[in-house]
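Each chain is listed here by its residues.
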Amino acid sequence: MTKDKKDKKKERGDKPKKAKTATNKHQLDLSNHYETVEAHVNRMDKKTYEHEIEKLHVELVKLLEWIKHQKLKVVLLFEGRDAAGKGGVIKTIAERLNPRFCRIVALGVPTEKEKTQWYFQRYVAHLPAAGEMVLFDRSWYNRAGVEKVMGFCTEEEYTEFLRSCPEFERMLVRSGIILIKYWFSVSDKEQERRFQERIDDPTKRWKLSPMDIESRNRWVEYSKAKDVMFVHTDIKQAPWWVVRADDKRRARLNCIHHLLSLIPYKDLTPPPAKLEPRRIDESYVRPPITDQNFVPEVY
């Protein structure tokens, strides 16, 4: 800026611009520079969440009807750290949908036979047919995450995965599959809180495996593996979408809202059916009620 312009600004009384600062709504967690997570200070209240999720459930039903009508093939991948909230959003998406057309796939440890197969082979068997949507609770990206960090694969297998995965996904997209990938990002402090919650709740202790506890000690290693994975597999045909997941309710709403925005659909909801008076057949004689076994009414 020239001296004349500076003098004019002084004459007008213009104040120098201040650098933008973070608002009170969000707060940056800088505890780990490998994976910075934008966390909400105030978590969404239950009433607001239930009001919003009810509306999104209706839209999900419409989306699945459109997928069936158009014979689309949709694959959703949910990845992220342990306790990031992947299972919760998968359950929320599927709970109101027809299970014959919306399937959840959560594969366990590969068998000895599967270990000798082409790496993607056991996942291919679960891909959708026309009119189906499949939700993968973890996927072939196990190789780029837990297998790499925990040493369950060789360096050659890991390198080959990073090379072949983008080509595999491009092939899926070319075949007509709609592939959507979500990464749930959670801060180390929030993950620690959720781990402790699982320990304190007997109904959730099964969620905390020895592998989860060991991964807790390898936070940086997982961050580095995720960064490398993104570099190789964040492709134009199937980009990664990051969900800030420190607030589970907001994460679910944001993820579902985003999913609905990616697949254009129309409302094909059938009109309400009219129930006519039921025809009564008086010739039917019921067997004695004492011939049946009833569950004891404890409650």
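Conventions adopted
Residues numbered from 1 in each chain as written. Predicted model: local features only at pLDDT ≥ 70, side-chain atom pairs only at ≥ 80, totals over all residues. Heavy atoms only, no water. Helix = DSSP H or I, 4+ residues; strand = E, 2+ residues; numbered from the N terminus. Buried < 20%, exposed > 50% of the residue type's maximum accessible area, 1.4 Å probe, protein only. Contact = heavy atoms within 4.5 Å. Areas by Shrake-Rupley, 256 points an atom, 1.4 Å probe, with all protein chains shown as cover. Core = buried A, V, L, I, M, F, W, Y, C linked by side-chain atoms within 4.5 Å. Axes fitted to C-alpha atoms, helices over the stretch in contact; angles between N-to-C directions. Parallel < 35°, antiparallel > 145°, perpendicular 65-115°, else oblique. Left-handed = near helix turned anticlockwise from the far one by under 90°. Patch = residues over 30% accessible without salt bridge, like charges linked within 9 Å, V, L, I, M, F, W, Y side chains within 5 Å. Salt bridge = Lys/Arg side-chain N within 4 Å of Asp/Glu carboxyl O. Polar contact = N/O pair within 3.5 Å; in protein donor to acceptor, adjacent residues only side chain to side chain. Pairing = 2+ DSSP bridges. Nonpolar A, V, L, I, M, F, W, Y, C, P; charged D, E, K, R; others polar.

Caption draft 1: Geometry of the overall build of the protein. For the protein, the count of helices and strands is eleven helices and seven strands. Relative to its full complement of 299 residues, the protein shows a buried share of 37%. Of the contacts made within the protein by residues no fewer than 6 positions apart, 77% connect residues no fewer than 24 positions apart. Of the roughly 20,000 Å² of accessible surface on the protein, 54% is carried by carbon and sulfur atoms.

Caption draft 2: Seen up close, the nonpolar core. F78, I93, M133, F184 and L259 are the most contacted members of the largest nonpolar core, which has 33 residues in total. Listing elements by their share of this core, those giving two or more residues are α2 (46-70), β3 (73-80), α3 (86-94), β5 (132-137), β6 (177-185) and α11 (248-262). In terms of residue count, the dominant contributor to this core is α2 (seven residues). Ranked by size, the runner-up nonpolar core spans 27 residues in total, among them V75, L77, C165 and W183.

Caption draft 3: Spatial organisation of unusual backbone geometry. The phi dihedral of K71 falls on the positive side, at around 55°, and the residue is not glycine. As for its position among the elements, K71 is in the loop between α2 and β3. Even without a glycine there, the phi angle at A83 is positive, about 70°. As for its position among the elements, A83 is in the loop between β3 and α3. In this structure A83 comes out as buried when scored by relative accessible area, which is 7%.

Caption draft 4: Structural view of the packing of helix α7 (residues 155-174) against helix α10 (residues 219-233). The geometry of α7 relative to α10 is characterised by a closest axis approach of 9 Å and an angle of 40° between their N-to-C directions. The orientation of α7 relative to α10 falls into the category oblique. In this structure, α7 meets α10 at a crossing whose hand is right-handed. Each of Y158, L162, C165, P166 and E169 in α7 lies in contact with α10, whose residues at this interface are V228, M229, H232 and T233.

Caption draft 5: Spotlight on a nonpolar patch on the surface. A surface patch of nonpolar side chains, about 290 Å² in accessible area, is lined by W118, V124 and M171. With respect to the helices and strands, W118 occurs in the loop between α4 (112-115) and α5 (121-124). Take W118: its relative accessible area is 49%, and that puts it in the partly exposed class.

Caption draft 6: Spatial organisation of the environment of W240. Counting through the fold element by element, W240 comes out in strand β7 (residues 240-244). Under the relative-accessibility criterion, W240 is labelled buried at 6%. Setting aside residues up to four positions removed in sequence, W240 forms contacts with E79, Y141, K181, Y182, W183, M229, F230, T233 and D234. There is a polar contact of 2.9 Å between the side chain of W240 and the side chain of T233.

Caption draft 7: Geometry of the pairing of β5. Counting buried residues in β5 gives five out of six residues, a clear majority hidden from the surface. Where β3 lies against β5, six bridges are found, and the strand directions are parallel. Across the sheet, the residue bridging to L77 is F136, located in β5. For strand β4 (residues 102-105) and β5, the ladder comprises four bridges, and the chain directions are parallel. In the sheet register, R103 faces β5, and the bridge partner there is V134.

Caption draft 8: Focus on the packing of α3 against α11. The geometry of α3 relative to α11 is characterised by a closest axis approach of 10 Å and an angle of 55° between their N-to-C directions. The pairing of α3 with α11 is recorded here as oblique in orientation. For the element pair α3 and α11, the recorded crossing hand is right-handed. Taken together, the residues of α11 that come into contact with α3 (itself represented by G88, V89, T92 and I93) are R252, C255, I256 and L259. Looking at the contact of α3 with α11, its residues break down into five nonpolar, two polar and one charged.

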